[in-house]
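Take a look at the letters that make up each chain.
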Amino acid sequence: MRYALLISWLCFSLCAQAAKQPDIVFFLIDDLGFADCGFNGGKEIKTPNIDRLAQSGAIIDSHYVQPVCSPTRSTLMTGRYPTHTGVYTIVSPGAPWGLPLAERTLADALRSAGYRTALTGKWHLGEFEKAYQPNARGFDHQYGHFFGMLDYYSHERTSKLDWYRNGEPLKEEGYTTHLIAKEACKVIASGDSSKPLFLYVPFNGVHSPFQVPDSYLKPYAHLQGNRQKLAGMLAAVDEAIGQIEAALKQAGRLENTLIVFSSDNGGPPPGDNTPLRDFKGSIFEGGTRAAAFATWPGRIPAGQRIRQPMHMVDWYPTLIKQAGGSLEQKLPIDGLDVWPMLTKQAASPHDAILSVSTQGPSRAAVRMGDWKLIVDGGADDGATTGKKKNQKAAGKYEQVALYHLADDPAEAKNLATAEPERVKAMRVRLAELTKDAVPSGVR
């Protein structure tokens, strides 16, 4: 009888431990190039903390995002493609729109599951009314900036302060990457330790303007101009991630923390997207395939490089499910659970992954297996601004282009003429994915 009770208790204990909600830390790096970090082949810039975390889990070789920042952030927060949110392009300062208020956010879902939720860094999904700001979108705590391209020292964008704590303007000194890390560490050390934590850390590094303290430039004297500055900026981000990891360890939380790392889009020059074609703002691989990994000690096997494709929309259902939250909601979810892919080497749950331009689905791409089809209906990419017409960008696309990414990751050889039946089938699937596309949220 005593042995039966002991076995019962052990089973209960192990089940309770297995069911314990993980802390979730999501690092989003702004404008990081696909090959800027060592774990993805980078040789020029030292990223020891990032690389160590990447090797401790699963490097995701085909992790798709949107061509620019706001759309990617919307896909993470909602699990829905821009075709369903209308966030195709960048939300500009003061613009009377943002992530639609009908959208349930990842922070909403995790808070409902009992999580303490915090954002330290860049929001970029609307701020013109309080209802669009992070504290009204599921975050208990907000610190940082609402837009991109702010000065790293003055925290101003076009001479206007863009630095807040819980929606209130905040004047303070310091380099933004340092401040974001410091706040993240405070969040980890404070608050209700009995609650699981969702910590979203979207750094503004390494987005322009290219600014970094001189001490970070010294190891990169062999590099020139903005490439040297970007190297220093990424080194500062790597240091910050190391500090946040150390704070998790000190708080006794690291072993039960699921960490995800991704860029928000492909890097613009002088970022390195080798071997991919093109840069930020493009729906070629260099614009939409991000450096990414996920790690969770004992849960995600270490030393993996997963080549199966996924999209940023997939983190929404995957993280909510791991957190024990509910996926029941009014709006349909485009993302799929990729946990078996990360932990059991399962195939991608997607038969097709969608990419759309900053102007909507008239220029779009679909990946199916190793094949990728781009169809250009003449839209304007908007390049990195989302505003100005970019005829040079528009001219680089063929009306229909088909690439085999396993053999041709640089998208150098258009096989559309040689594969007419495949093109036809993929166009049908692309049409299915975009048939209910909503208009842009820009007003």
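Residues numbered from 1 in each chain as written. Predicted model: local features only at pLDDT ≥ 70, side-chain atom pairs only at ≥ 80, totals over all residues. Heavy atoms only, no water.

Looking only at helices and strands, one finds twelve helices and 19 strands in the protein. The principal-axis extent of the C-alpha atoms belonging to the protein is close to 75 × 55 × 45 Å. Buried positions account for 59% of the 443 residues belonging to the protein. Taking all contacts inside the protein whose residues are at least 6 apart in sequence as the whole, residues at least 24 apart take part in 69%. Approximately 17800 Å² of the protein is accessible, and the part contributed by carbon and sulfur atoms is 54%. (Helix = DSSP H or I, 4+ residues; strand = E, 2+ residues; numbered from the N terminus. Buried < 20%, exposed > 50% of the residue type's maximum accessible area, 1.4 Å probe, protein only. Contact = heavy atoms within 4.5 Å. Areas by Shrake-Rupley, 256 points an atom, 1.4 Å probe, with all protein chains shown as cover.)

Moving on: unusual backbone geometry. In this structure, P209 follows S208 across a cis peptide bond, with omega equal to 5 degrees. Note that the residue after T274, namely P275, is joined by a cis bond; omega there is 5 degrees. Position of P275 among the secondary structure elements: in the loop between strand 11 (257–263) and helix 8 (285–288). One non-glycine residue, D31, lies in the positive phi region at around 70 degrees. Along the chain, D31 falls in the loop between strand 1 (23–29) and helix 2 (48–55). Judged by its relative accessible area of 4%, D31 falls in the buried class. One non-glycine residue, Q345, lies in positive phi territory at about 55 degrees. Relative to the elements of secondary structure, Q345 occurs in the loop between helix 10 (339–344) and strand 16 (353–357).

A few words now on the nonpolar core. Counting 54 residues, the largest nonpolar core has F27, F203 and F261 as its most contacted members. Of all the elements in the fold, those that place two or more residues in this core are strand 1, helix 2, helix 6 (176–189), strand 10 (197–202), helix 7 (225–250) and strand 11. The greatest single-element share of this core, amounting to twelve residues, is contributed by helix 7. Apart from the residues lying within four places of it in its own chain, the contact partners of F261 are F27, I29, L32, C37, F39, I50, I241, A291, A292 and F293. Among the nonpolar cores identified, the runner-up in size contains 47 residues, and I24, I60, L76 and A107 belong to it. (Core = buried A, V, L, I, M, F, W, Y, C linked by side-chain atoms within 4.5 Å.)

Orientation of helix 6 relative to helix 7, taken along the N-to-C sense of each, is 10 degrees, at an axis distance of 9 Å. On the basis of the axis angle, helix 6 is roughly parallel to helix 7. Of helix 7, the residues touching helix 6 (which contributes T177, H178, A181, A184, C185 and I188) are A236, V237, E239, A240, Q243, I244, A247 and L248. Within the contact of helix 6 with helix 7, the residues separate by chemical class into ten nonpolar, three polar and one charged. (Axes fitted to C-alpha atoms, helices over the stretch in contact; angles between N-to-C directions. Parallel < 35°, antiparallel > 145°, perpendicular 65-115°, else oblique. Nonpolar A, V, L, I, M, F, W, Y, C, P; charged D, E, K, R; others polar.)

Most of strand 4 (residues 116–122) sits inside the fold, with seven of its seven residues counted as buried. For strand 4 and strand 10, the ladder comprises four bridges, and the chain directions are parallel. Each residue of the ladder has a partner; that of T117, found in strand 10, is F198. Note that strand 4 and strand 5 (residues 141–145) share five bridges and pair parallel. The residue of strand 5 that forms the bridge with K122 is H145. (Pairing = 2+ DSSP bridges.)

This part takes up the side chain of T257. By secondary structure assignment, the location of T257 is in strand 11. When its relative accessible area of 0% is taken as the criterion, T257 is described as buried. Separated by 2.6 Å, the side chain of T257 and the backbone oxygen of R253 make a polar contact. (Polar contact = N/O pair within 3.5 Å; in protein donor to acceptor, adjacent residues only side chain to side chain.)

Ordered in space as 12-3-15, the three strands form an open sheet in which the pairing is mixed. Both edges of this open sheet fall to strand 12 (289–290) and strand 15 (310–311), since each of them pairs with a single strand only. Pairing of strand 3 (residues 63–64) with strand 15, which is carried by two bridges, proceeds in the parallel orientation. When the bridges of strand 15 are listed, H63 appears paired with M310.

Turning to the packing of aromatic side chains, a few remarks are in order. Summed over the entire model, instances satisfying the criterion amount to 18 aromatic pairs. Look at F27 and F203: their rings are 6.4 Å apart centre to centre, the planes differ by 15 degrees, and that puts the pair in the stacked class. Here F203 lies in the loop between strand 10 and helix 7 and F27 lies in strand 1, a separation of 176 residues in the sequence. Neither F27 nor F203 differs from the other in exposure class; each is buried. Ring plane angle 90 degrees and centroid distance 5.4 Å describe the contact between F39 and F293, whose orientation is recorded as edge-to-face. Highlighted residues: F39 in the loop between strand 1 and helix 2 and F293 in strand 13 (residues 292–295), separated in sequence by 254 residues. Since its relative accessible area comes to 4%, F39 is described here as buried. (Phe/Tyr/Trp six-rings, centres within 6.5 Å; stacked < 30°, edge-to-face > 60°.)

Moving on, we get to the sheet that holds strand 17 (residues 360–368). An order of 16-17-18-19 is seen for the four strands of this open sheet, with the pairing classed as antiparallel. In this open sheet, the two strands that pair with only one neighbour each are strand 16 and strand 19 (400–404). On average, each strand axis in the sheet is inclined to that of its neighbour by 20 degrees, with strand direction left out of account. Looking at chain direction, strand 18 (residues 371–376) and strand 19 are connected through five bridges and run antiparallel. For W371, the partnering residue across the bridge sits in strand 19 and is H404.

Okay, the environment of I29 next. Mapped onto the elements, I29 comes out in strand 1. Taking the C-alpha atoms as reference, I29 lies 5.4 Å from F203; in sequence the two are 174 residues apart. The contacts of I29, once residues within four sequence positions are left out, are F203, G205, V206, V237, I241, F261, S262, S263 and D264.

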